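# Observations on chain architecture
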Amino acid sequence: MGHRLSKIYTRTGDDGSTGLGDGSRIGKDAPRVEAYGTVDEANSAIGLLLAAPGLPGDAVALLTAIQHQLFDLGGELCIPGHAAITAQDVAWLEERLDAWNDTLPPLKEFILPAGGEAAARCHVARTIVRRAERAAVALSRQEAVRAEAIGYLNRLSDLLFVLARVLARAAGEGEVLWQPQHRRQA
C-alpha cells in the first residue's frame with residue numbers, strides 16, 4: 001500500500017480549512033467535518049473501552065470489528081458521494097444486538113451510566129455515537145447522507161447500550177437503576 005502518512009503535518013490547515021477525501025477543501029467547522037470527526041471520536045472511545053481490563057473476548061472481537069466499520073463510515077462521510085456502509089452492516093449490528101440482548105432480563109427502569117469501568121466506558125462511547133448520529137443528521141439537512149450511515153449509527157448506539165448492560169453484569173457490578181427524585185431517600 002505504500003506510505004500513506006509519510007508526513008504528519010502539512011500546514012495546509014493553518015487557514016482553518018481541511019482536505020476531504022475527494023481532494024476538495026472545506027472549513028474545519030463544516031457540518032461534514034463535524035460528522036466524520038465525531039465518528040472518529042466515537043472510534044477512539046471504543047478504543048478506550050477496548051483498553052478496559054478484563055473485557056470478555058467476544059466483546060473484544062465485536063468492538064474491534066465495529067472499529068473497522070467506523071473507520072469505513074468516517075471515510076464515507078469524508079468523501080462526498082462515497083458509499084462504504086451497507087444495509088448488511090446495519091443488519092449485522094442488529095443481529096449482534098439481538099443476540100446480546102437475549103441474554104439480559106427485560107429492562108423495567110432506566111439505568112444510570114455506571115456499572116463498573118468497562119460498562120461506564122461503553123456508556124461514554126454510546127453517547128458519543130449518539131452525537132455522531134446527530135451530526136450526520138444535521139449534515140443530511142444540507143447535503144446527501146446515505147440512510148445506511150445514519151441507520152448504522154442509530155443501531156450502534158443501541159448495541160453499545162445493551163453491551164454496557166452485559167458488561168455491568170459480567171463485572172459483578174450490576175446495573176444502577178435510576179430513581180426519580182420522589183423515590184430517593186436522603
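Notes on the structure in this doc start here.

This brings us to the pattern of salt bridges. Counted by the stated rule, this structure contains eleven salt bridges. One salt bridge connects Asp158 with Arg130, and the closest N-O pair in it is separated by 3.1 Å. Taken together, the residues span a long stretch of sequence, with Asp158 in helix H5 (residues 147–170) and Arg130 in helix H4 (residues 117–140) at a distance of 28 residues. Glu148 is paired through a salt bridge with Arg146; the nearest N and O atoms lie 3.3 Å apart. Residue Arg146 is classed as partly exposed on the basis of its relative accessible area of 25%.

Now for the nonpolar core. Core analysis: the biggest nonpolar cluster contains 50 residues, and Ile66, Leu70, Leu73, Tyr152, Leu160 and Leu163 have the highest contact counts within it. Sorting the residues of this core by element identifies helix H1 (31–50), helix H2 (57–78), helix H3 (87–101), H4 and H5 as the ones contributing at least two each. Counting residues per element, this core draws most heavily on H5, which supplies 13 residues. When neighbours within four sequence positions are excluded, Leu70 is seen to be in contact with Val39, Ala42, Asn43, Ile46, Tyr152, Leu153 and Leu156.

Attention now goes to H3. Here H3 spans 21 Å end to end across 15 residues, near enough to the 21 Å set by a 1.5 Å rise per residue. Packing partners of the buried residues in H3 comprise H2 and H5.

With that settled, the discussion passes to the side chain of Glu76. Relative to the helices and strands, Glu76 is located in helix H2. When its relative accessible area of 4% is taken as the criterion, Glu76 is described as buried. Each residue touching Glu76, except ones within four places of it in the same chain, is listed here: Arg32, His82, Ala83, Ala84, Ile85, Arg146 and Ala149.

What counts and how
Residues numbered from 1 in each chain as written. Predicted model: local features only at pLDDT ≥ 70, side-chain atom pairs only at ≥ 80, totals over all residues. Heavy atoms only, no water. Salt bridge = Lys/Arg side-chain N within 4 Å of Asp/Glu carboxyl O. Helix = DSSP H or I, 4+ residues; strand = E, 2+ residues; numbered from the N terminus. Buried < 20%, exposed > 50% of the residue type's maximum accessible area, 1.4 Å probe, protein only. Core = buried A, V, L, I, M, F, W, Y, C linked by side-chain atoms within 4.5 Å. Contact = heavy atoms within 4.5 Å. Expected span 1.5 Å × (residues − 1).

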